[in-house]
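Given next are the chains, with one letter for each unit.
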Amino acid sequence: MQYLPGMRYTLLALLLAVVTGCASSPGRPASVTAPEIAVQQTGSIFFGSSQTAPVSIDVAVRNTSNVPLRLRTVRLDAAGMSQYSIYPAERTMNELLPPGETRVVSLFATAYTNRSRLSVTEPLSVRAVVDLEHEGKRFREVALRPMISQP
C-alpha cells in the first residue's frame, strides 16, 4: 500500500485519538479530574518446574480532584504479553478517597505459561481498570502500564 504525504501522521493521530478515548469512560463528572494511577509489580515471577506462578501487584490511585471519590473496584489483566500472561485479578472495595490522597490496593494474580521451567525475561505489562464513584455517579479509568523493571 502506498502512503500519500501526511497520511502516516493522520493515521497516527487517529490511533492516538482511539487510545486516548479508551483511557477513561465518558461518564466522568465534570467536577472530577482524572486520577493518577500507578501500577507496580512487588515481587518477581518464578515458575520453577510449574506452568503457573504467583505475582503480587500494587495499584496506587491518587485523587487529583478537589472533591472526594469512592474507590469501588480495581481489576488487572495482561496487556500484550508473549512469554507468559496473568489471569485477571479483581478486588472490590468501598473506600473513601479524599482530595489529594492516595490509596494503594494490593492484588494477587496468577501468572501462567505454556512452557515449563520458563525463565522470565519479558517485563509484565498490565491493564488496570479502576471503578470510582462521585455523588452516586460511577465512572471508570483505564491505565496501560508496562512493568519496566522487576525486583
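A. Just the pattern of salt bridges, in detail. By the definition in use, this model includes nine salt bridges. Arg75 is paired through a salt bridge with Asp131; the nearest N and O atoms lie 3.0 Å apart. Remark: Asp131 occurs in strand 7 (residues 125-134) and Arg75 occurs in strand 3 (residues 69-78); sequence separation between them is 56 residues. Arg127 is the salt-bridge partner of Asp77, the closest N and O atoms lying 2.7 Å from each other. Taken as a pair, Asp77 in strand 3 and Arg127 in strand 7 lie far apart in primary sequence, 50 residues in all. A residue is classified by how much of its surface remains accessible, and Arg127, at 32% relative accessible area, is partly exposed.

B. The arrangement of the pairing of strand 7 in detail. Burial of strand 7 is extensive: nine of the 10 residues sit out of reach of the surface. Where strand 3 and strand 7 come together, eight bridges link them in antiparallel fashion. Within strand 7, the position partnered with Arg75 by the bridge is Val129.

C. Summary view of the side chain of Arg72. For Arg72, the position within the fold is in strand 3. Assessed through its relative accessible area of 16%, Arg72 is described here as buried. There is a polar contact of 3.0 Å between the side chain of Arg72 and the side chain of Glu133. Those residues in contact with Arg72, other than ones at most four positions away along the chain, are Arg91, Thr92, Met93, Asn94, Asp131, Glu133 and Arg138.

The rules we used
Sequence order as written defines the numbering, with residues in each chain counted from 1. The predicted nature of this model means local features are confined to residues of pLDDT at least 70 and side-chain atom pairs, given and counted, to a pLDDT of 80 or more, with totals for whole chains, interfaces and linings taken over all residues. Side-chain numbers come from the whole structure's heavy atoms, not from hydrogens or water. One speaks of a salt bridge when a side-chain nitrogen belonging to Lys or Arg is within 4 Å of a carboxyl oxygen belonging to Asp or Glu. We count a stretch as a helix when DSSP gives it H or I for four or more residues in a row; a strand needs E for two or more, and each element gets its number in order from the N terminus. Each residue gets one of three labels from its accessible area relative to the maximum for its type: buried under 20%, exposed over 50%, partly exposed in between, using a 1.4 Å probe on protein chains only. By this definition, two strands are paired if DSSP reports at least two bridges between them. Two N or O atoms form a polar contact when they lie within 3.5 Å of each other; inside protein one atom must be a possible hydrogen donor and the other a possible acceptor, and for residues adjacent in sequence the pair counts only when both atoms belong to side chains. Contacts are assigned to residue pairs that have any heavy atoms within 4.5 Å of one another.

Nothing here speaks to function; it is geometry throughout.
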